[in-house]
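Observations on chain architecture
For reference, the chains in residue letters:
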Amino acid sequence: MAITGLIMVGFLLMHMYGNLKVFLGADAFNHYAHWLKGDILYPLVPSGWFIWIFRLVMLASIVAHIWSAAVLTGRAHAARSTKYVTTKRLSQTYAARTMRWGGVILLVGLIFHLLQFTTQTVQTGFTAGAEPYEMTVGAFGNWWLVLLYAVWVGIVCSHVRHGVWSALTTLGANTSPAARSFLNGLAWVIAVVLFVGFMIMPLAVLFGWVN
Amino acid sequence: MIINLRVWRQANAQSAGKMVSYRVEGVSEDMSFLEMLDLLNEDLTVKGEEPIAFDHDCREGICGMCGIVINGAAHGRANSPVPTTTCQLHMRSFADGATIDVEPWRAGAFPVIKDLVVDRTAFDRIIQAGGFISINAGSAPEAHSVPAPKIQADRAFDAATCIGCGACVAACPNGSGMLFTAAKITHLAMLPQGQPERYSRVKTMVAQHDADGFGGCTNIGECAAVCPKQIPLDTISALNRDLMKSLFKKDGK
Ligand code: SF4
Ligand code: FES
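Keep in mind that this is a model prediction, so the values were computed, not measured. (Residues numbered from 1 in each chain as written. Chains lettered and ligands numbered in written order. Predicted model: local features only at pLDDT ≥ 70, side-chain atom pairs only at ≥ 80, totals over all residues. Heavy atoms only, no water.)

**Overview of the overall build of chain B**
Per the secondary structure count, chain B includes 8 helices and 7 strands. At 20 Å, chain B has a C-alpha radius of gyration in line with the 18 Å of a compact globule built from 253 residues. Its C-alpha atoms give chain B principal-axis dimensions of about 60 × 40 × 35 Å. The 253 residues of chain B split such that 52% are buried. Excluding contacts between residues fewer than 6 apart, the proportion of contacts in chain B whose partners are at least 24 apart in sequence is 70%. (Helix = DSSP H or I, 4+ residues; strand = E, 2+ residues; numbered from the N terminus. Rg over C-alpha atoms; globule rule 2.2 N^0.38 Å. Buried < 20%, exposed > 50% of the residue type's maximum accessible area, 1.4 Å probe, protein only. Contact = heavy atoms within 4.5 Å.)

**Some thoughts on the packing of aromatic side chains**
The final tally for this structure, using the stated rule, is 15 aromatic pairs over all chains. Chaining the aromatic ring pairs together yields one cluster made of F117(A), F126(A), F140(A), Y149(A) and W152(A). Above the ring of W52(A), the side-chain terminus of R55(A) is found at 4.7 Å from the ring centroid. Sitting over the face of the ring of W8(B), R106(B) holds its NZ or CZ atom 4.1 Å from the ring centroid. (Phe/Tyr/Trp six-rings, centres within 6.5 Å; stacked < 30°, edge-to-face > 60°. Lys NZ or Arg CZ within 6 Å of the ring centre and 35° of its normal.)

**Looking at the interface of chain A and chain B**
Contacts between chain A and chain B engage 32 residues on the former and 42 residues on the latter. Here chain A is connected to chain B by 1 salt bridge. The partner of R75(A) in a salt bridge is D210(B), and the shortest N-O contact between them spans 3.0 Å. Only α3 (50-79), α7 (143-170) and α8 (177-206) of chain A provide two or more residues apiece to the side of chain A that touches chain B. For the side of chain A that touches chain B, the per-class residue count stands at 12 nonpolar, 13 polar and 7 charged. (Salt bridge = Lys/Arg side-chain N within 4 Å of Asp/Glu carboxyl O. Nonpolar A, V, L, I, M, F, W, Y, C, P; charged D, E, K, R; others polar.)

**Structural notes on the domain arrangement of chain B**
Residues and elements named next belong to chain B. Taken domain by domain, chain B comprises domain 1 (3-103) and domain 2 (120-246). Placing a centre on the C-alpha atoms of domain 1 and another on those of domain 2 gives a separation of 29 Å. Taken together, the contact between domain 1 and domain 2 spans 14 residues of the former and 13 residues of the latter. The contact between domain 1 and domain 2 buries some 930 Å² in all, and 54% of this surface belongs to carbon and sulfur atoms. The three residues of domain 1 that bury the most area against domain 2 are G64, A74 and P83, which together make up 43% of that side's buried surface. For the pair domain 1 and domain 2, the interface holds 1 salt bridge. (Domains from an automatic or database assignment. Buried area = accessible area lost by both parts, 1.4 Å probe.)

**Topic: the pattern of salt bridges**
Residue and element names in this part refer to chain B. Tallied over the full model, the rule gives 15 salt bridges over all chains. Across the salt bridge formed by D55 and R120, the nearest N and O atoms sit 3.3 Å from each other. Highlighted residues: D55 in the loop between α1 (33-46) and β3 (69-70) and R120 in the loop between β7 (117-118) and α2 (121-128), separated in sequence by 65 residues. Comparing D55 with R120, the two get one shared label, buried.

The structure is reproduced here in structure tokens:
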């Protein structure tokens, strides 16, 4: 759970950084997008293989993450089969409480996201075969899509907020009360950076700063 | 004071339970929560009703026998900044005329025996799985023959204050017993005497914890918030570090 989660947080940070290339103009953005599918690690691996290896690692992480989550959820339900009549929450955060259902919603959003921008099955403001830049600008010209993404990215970042803290604690980094505050702070910083970093681009498109 | 209670009544492990309302009059604010229950029980006995069963022993916060979920919080700590045991919670913490919900610990590993009494032998099994050191007990050795660094000794003592009450499990949304297990692991792992079995211990105790039907820890933190002995959450990270190391130790396999 912890390791696969951190792999995915690493990916999110990279993905966010890549998105920001949109501000360097259409050519830079398209070049970057094509480079991802091109000859990274060539000649160590044949040209074009990197993206598939990468996708395989991501898929494996997602599957392992969901499997661990399912096992934990099953154990938790068995361990608390009778509910309390009254429950007083003392220290849990909203993010911690919504990890499970939030995770499911997040997955649905992810599937939509891939159908939209990877397979181009769902076309919103662009046509199949559009260049990455054109596709991005076309899609985020729709205010409702930007809104939808804002909600989804918010859910992702909430998941990251508890996830980063929890993963690092599971891996043994919570060594003192000070470390506990630090790790929680770090998780907040990563979540906020991701939210801002991911939302700048769609907003810039929506307001016409990028077109 | 007058206190209105809604108490979980369950005749035995097999029968279904339900919340029953009682009105307790003549409560003094200096009474502990358990003394208030004693008062109610006297009343019930006089009326020929079955008194409410609850666990208790020392009534001074050191034995770990008592434990009731009060208004949704294990040991009833509620908004007080000081976590305490049920026996050390006093009626002055409640308003006159208040309605208080009283429930037993709820966890798969702690089945209800009767009313507010749960079976906590799962904790004993975790201890039996490794919460000890193997030595030939003879006469007490010279205390200075085994030096223990001050910082580690302090941490061991802090962890050793766990009284095994089970509030951590009761408060955990996952029904996990990790705080208890981690307190025991940290206690022994910090001391020289705990070293020989350090890595086999962590594996057997965690395995027993899981086998007993406790849930998995997802670092929510409710346990440490109700722990009357303020066992910190970082003991769980200490347990995890030892568990990871044990994977690479022959001793741990
Ligand atoms: S860790 Fe705290 S709450 Fe849990 S059993 Fe020990 S003393 Fe009780
Ligand atoms: S009765 Fe001993 S700790 Fe409460």
